[in-house]
Amino acid sequence: MHLPPLTESPEYAALLAHHAEIAEVPVLSHFADDPGRFEALSFRLDDLLVDLSKHRLTPKTLSLLVALAEARGVPARRDAMFAGEHINTTEDRAVLHTALRNQSDRPVVLDGVDVMPEVRAVLDRVEAFVEAVRSGAWRGYTGQAITDVVSIGIGGSDLGPVMVTEALWPDHHPRLRVHYVSNVDGGHLHRTLQGLDPARTLFIVASKTFTTIETLTNAASAKAWLLASGAGDADVAKHFAALSTNEAGVRAFGIDPVNMFPFWDWVGGRYSVWSAIGTPVALAVGMDRFRALLAGAHAMDEHFRTAPLASNLPVLMALVGVWYVNCFGAEGLAVLPYDQGLHRLPAYLQQADMESNGKTVGLDGQRVRHHTGPIVFGEPGTNGQHAFYQLIHQGSRLIPCDFIAAAKARHPVAGHHPLLLANFFAQTEALMVGRGPEAAKAEVAGRPDAGTLWPHKVFAGSQPTTSVLFKTLDAYSLGRLIALYEHKIFVQGVIWGVNSFDQWGVELGKVLAKRLQPALAAGDLSAHDPSTAGLIEWYRALAAEA
Ligand code: G6Q
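Presented here is an overview of the structure given in this document. (Residues numbered from 1 in each chain as written. Predicted model: local features only at pLDDT ≥ 70, side-chain atom pairs only at ≥ 80, totals over all residues. Heavy atoms only, no water.)

## Regarding the overall build of the protein chain
- Looking only at helices and strands, one finds 23 helices and 13 strands in the protein chain.
- Against the compact-globule benchmark of 24 Å for 546 residues, the protein chain has a radius of gyration of 25 Å, which places it among compact chains.
- If you line up the protein chain on its principal axes, its C-alpha atoms span 75 × 65 × 60 Å.
- The buried share among the 546 residues of the protein chain stands at 53%.
- Considering only intrachain contacts with a sequence separation of at least 6, the fraction spanning at least 24 residues in the protein chain is 75%.
- As displayed, the protein chain offers around 23,100 Å² of accessible surface, 57% of which is attributable to carbon and sulfur atoms.
- Placing the 45 positive and 56 negative side-chain charges of the protein chain at their respective mean positions leaves the two points 3 Å apart. (Helix = DSSP H or I, 4+ residues; strand = E, 2+ residues; numbered from the N terminus. Rg over C-alpha atoms; globule rule 2.2 N^0.38 Å. Buried < 20%, exposed > 50% of the residue type's maximum accessible area, 1.4 Å probe, protein only. Contact = heavy atoms within 4.5 Å. Areas by Shrake-Rupley, 256 points an atom, 1.4 Å probe, with all protein chains shown as cover. Lys, Arg positive; Asp, Glu negative; His and termini not counted. Charge placed at Lys NZ, Arg CZ, Asp CG, Glu CD.)

Structural data, given as structure tokens:
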């Protein structure tokens, strides 16, 4: 389908005209005008509620945005994704992470072949492996059960599994500890291995391509650590498994393909936690919970596939994001989980969003004439409140925020959860309500410096927030939450006309370091720019000092 540039579409023009009318209207006054606003602008899927009523918009805004989504071909593109079309055009690949969590008996046909039998077969193999390790039947080279799993991977082969493992901490196996090593900084591996017993440690090398230098370097050092403990080459099979699409690479590294769990090129790295890449998660929390994670994601897939755009959670969240990026010029998006278990969610979504939509070239190869993905950042509330929320409350930029929480805690510590959630609600309320000059003056009345102090106490208000609230953070609801964001990102990519599934910027980084590394030791630096050459010289001098 050929689309005119977004900025030339009549639906976009209508949105901009509407923006001019309502951009500066305080959100509170929308509530005064419309007593049914919360009901009209909050949306549900089972226990999951997404409240959009604290945004600078009205139901009319949403209908204009939905019209834009229709005009940009969101439904057709969504259907093309689920149908296995090669929508990742620059890599000529299908995008089928939804097949990995397909719980229905519908086939998923890719290039004429149903992928579901293979998907299920790999899941069953992962399950057998996971059960063997968790039960203690899997033995290390001295005959002992495994107590520590170290997953070695980076980027998409790390962030999802880490985030999910951390989020599901109440479900962790009592004996098995699952660790993650991603950074090629040797300190990461070194610190992780400190205190571990090689005879009871199992390494999982997670790499789609099995060519990523950081992962292969960490894996080689891990293997050396195992061998240095007295294990022989034949023992490696008892201590190494691989999650990859590259069997030749796995063999060349010395891992027995029997211990390799495959996936496919139609699974993007940052969308791969649902594939064999999720094996460390399954080791930590068990296969039943891993399957519940998939089921939760599938529930969101079904909602995304079938719900009308006007009540479709990922579509609506995407549209609200487009509203701020393209009409208000907002540059950021803060992700604020009120849940310590979700402490890696902002990092995970940073990759999911920024690697997917951090693009300026459209599907037609032309430069787009509008902004695309926002700068995603965040920390768990309430920690963030004591740090960067200042800028959200009173800074010069408009930062839309996603507040995320579960109503029920999964820990037994009395009294904490209501306090945590009180902070969530208080912050979203304060960001919207703000504090006007009169209230600010009243607060400082009587002080000698009241005349200069009161402006500092003013809060503009109408700072936009989405609230995402559900019952409990378990495997199912986490799967649903992740899929919500995945589809949100996809819809935004469609509206912006970019390919959300390639990552040429990442590929560049993979090549550059390899090329430059030899120069660190010695040699002529004249091929490098003066800054880089100067830095390398300074590095050589410092590194050579005693
Ligand atoms: C994800 C990216 C990137 C990738 C890593 C690891 O979408 O492509 O983060 O996941 O570079 O790649 P490998 O899994 O191939 O080691």
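## Some thoughts on the nonpolar core
- Within the largest apolar cluster, 124 residues are counted, with the highest numbers of intra-cluster contacts made by Phe129, Trp266, Leu478 and Leu481.
- The residues contacting Phe129, other than those within four sequence positions of it, are Trp138, Leu202, Ile204, Ala241, Phe261, Thr279 and Leu283.
- In this structure, Leu196, Ala231, Ala242 and Phe253 belong to the second largest nonpolar core, which totals 20 residues. (Core = buried A, V, L, I, M, F, W, Y, C linked by side-chain atoms within 4.5 Å.)

## Quick notes on the state of the cysteines
- This model, assessed by the stated rule, comprises 0 disulfides.
- The structure places no disulfide on Cys401, whose sulfur is separated from the nearest cysteine sulfur, that of Cys327, by 19 Å. (Disulfide = S-S within 2.5 Å.)

## Things to note about the packing of helix α15 (residues 313–328) against helix α21 (residues 475–496)
- Closest axis-to-axis distance for the α15/α21 pair is 8 Å, and the angle between their directions is 50 degrees. Accordingly, the angle class assigned to the pair α15 and α21 is oblique. The way α15 lies across α21 gives a crossing that is right-handed. On α21, the residues touching Leu313, Pro314, Val315, Met317, Ala318, Leu319, Gly321, Val322, Val325 and Asn326 of α15 are Leu484, Tyr485, His487, Lys488, Val491, Gln492, Ile495 and Trp496.
- Residue classes in the contact of α15 with α21 are distributed as 13 nonpolar, 4 polar and 1 charged. (Axes fitted to C-alpha atoms, helices over the stretch in contact; angles between N-to-C directions. Parallel < 35°, antiparallel > 145°, perpendicular 65-115°, else oblique. Left-handed = near helix turned anticlockwise from the far one by under 90°. Nonpolar A, V, L, I, M, F, W, Y, C, P; charged D, E, K, R; others polar.)

## What to know about the site of the ligand
- Looking at the ligand, there are 14 residues lining it, with Ser157, Ser207, Lys208, Thr209 and Thr212 nearest.
- In the environment of the ligand, an oxygen atom lies 2.6 Å from a nitrogen or oxygen atom belonging to the side chain of Thr212.
- Contact between the ligand and Lys510: an oxygen atom at 3.0 Å from a side-chain N or O atom of the residue.
- About the coverage of the ligand: the protein hides 92% of its 400 Å² of free accessible area.
- Partitioned by chemical class, the residues of the shell around the ligand number 1 nonpolar, 9 polar and 4 charged. (Near = heavy atom within 4 Å. Polar contact = N/O pair within 3.5 Å; in protein donor to acceptor, adjacent residues only side chain to side chain.)

## Quick word on the sheet that holds strand β12 (residues 401–408)
- Pairing in this open sheet of 6 strands is mixed, and the strands run β1-β2-β13-β12-β10-β11 from one edge to the other. The sheet is open, and its two borders are formed by β1 (42–45) and β11 (375–377), each paired with just one other strand. The sheet shows a mean angle of 15 degrees between the axes of neighbouring strands, direction not considered.
- Relative to β11, strand β10 (residues 332–337) runs parallel, the two being bridged by 3 bridges. Residue pairing across strands places Gly332 opposite Ile375, the latter belonging to β11.
- Across the face of the sheet, α21 comes into contact with β1, β2 (48–51), β10, β12 and β13 (465–472) while running at roughly 155 degrees to β13. (Pairing = 2+ DSSP bridges.)

## Some details on the environment of His393
- Mapped onto the elements of the fold, His393 is located in helix α17 (residues 389–394).
- C-alpha separation for the pair His393 and Gln463, spaced 70 residues apart in sequence, amounts to 7.2 Å.
- Ignoring sequence-local partners within four residues, the contact set of His393 consists of Gln427, Ala430, Leu431, Phe459 and Gln463.

## As for the packing of helix α16 (residues 345–357) against α21
- With their axes 10 Å apart at the nearest point, α16 and α21 run at an angle of 25 degrees to one another. On the basis of their axis angle, the class for α16 and α21 is roughly parallel. The handedness of the crossing between α16 and α21 comes out as right-handed. Taking contact as the criterion, the partners of Leu345, Tyr348, Leu349, Ala352, Asp353, Ser356 and Asn357 in α16 are, on α21, Leu481, Ile482, Tyr485, Glu486, Lys488, Ile489, Gln492, Gly493 and Trp496.
- Of the residues assigned to the contact of α16 with α21, the class counts are 9 nonpolar, 4 polar and 3 charged.

## Quick word on the packing of aromatic side chains
- Counted according to the given criterion, the structure contains 20 aromatic pairs.
- Both rings, one in Tyr338 and one in Phe403, keep their centres 5.5 Å apart while their planes meet at 20 degrees; by these two values the pair is stacked. Of this pair, Tyr338 sits in the loop between β10 and α16 while Phe403 sits in strand β12, and the two are 65 residues apart along the sequence.
- Residue classification places Tyr338 among the buried residues on the basis of a relative accessible area of 0%.
- The exposure class of Phe403 is buried, given its relative accessible area of 0%.
- Aromatic pair Phe388 and Tyr389: ring centres 5.5 Å apart, planes at 55 degrees, arrangement tilted.
- Among the residues examined, Phe388 registers a relative accessible area of 22% and is labelled partly exposed.
- By the ring-pair criterion, three or more aromatic residues cluster together here, those being Tyr338, Phe377, Phe388, Tyr389, Phe403, Phe424 and Phe425.
- Just above the ring of Phe304 sits the side chain of Arg78; from NZ or CZ to the centre is 5.8 Å. (Phe/Tyr/Trp six-rings, centres within 6.5 Å; stacked < 30°, edge-to-face > 60°. Lys NZ or Arg CZ within 6 Å of the ring centre and 35° of its normal.)

## Thoughts on the pattern of salt bridges
- Evaluation of the coordinates by the stated rule reveals 24 salt bridges.
- Asp124 serves as the salt-bridge partner of Arg291, at 3.2 Å between the closest nitrogen and oxygen. One end of the pair, Arg291, is in helix α14 (residues 287–306); the other, Asp124, is in helix α7 (residues 116–135), with 167 residues separating them in the sequence.
- Using a relative accessible area of 46% as the deciding quantity, one classes Asp124 as partly exposed.
- For Asp171, the salt bridge goes to Arg289, with nearest N and O atoms at 3.3 Å. Within this pair, whereas Asp171 is found in the loop between α8 (159–167) and β6 (177–181), its partner Arg289 is found in helix α14, the two being separated by 118 residues in sequence.
- Each of Glu91, Arg93 and Asp265 takes part in one network of salt bridges that share partners. (Salt bridge = Lys/Arg side-chain N within 4 Å of Asp/Glu carboxyl O.)

## Some details on the sheet that holds strand β9 (residues 260–262)
- As summarised here, the arrangement of the 5 strands in space is β6-β5-β7-β8-β9, forming an open sheet in which the pairing is parallel. Where the open sheet ends on each side, the last strands, each with one partner, are β6 and β9. On average, adjacent strands in this sheet sit at an angle of 20 degrees to one another, irrespective of strand direction.
- Strand direction decides the pairing type here: strand β7 (residues 201–206) and strand β8 (residues 240–244), joined by 4 bridges, are parallel. Bridge pairing links Ile204 to Ala241 in β8.
- Strand contacts of helix α10 (residues 213–228): β5 (148–152), β6, β7 and β8, with the helix running at about 160 degrees to β7, the strand carrying the most contacts.

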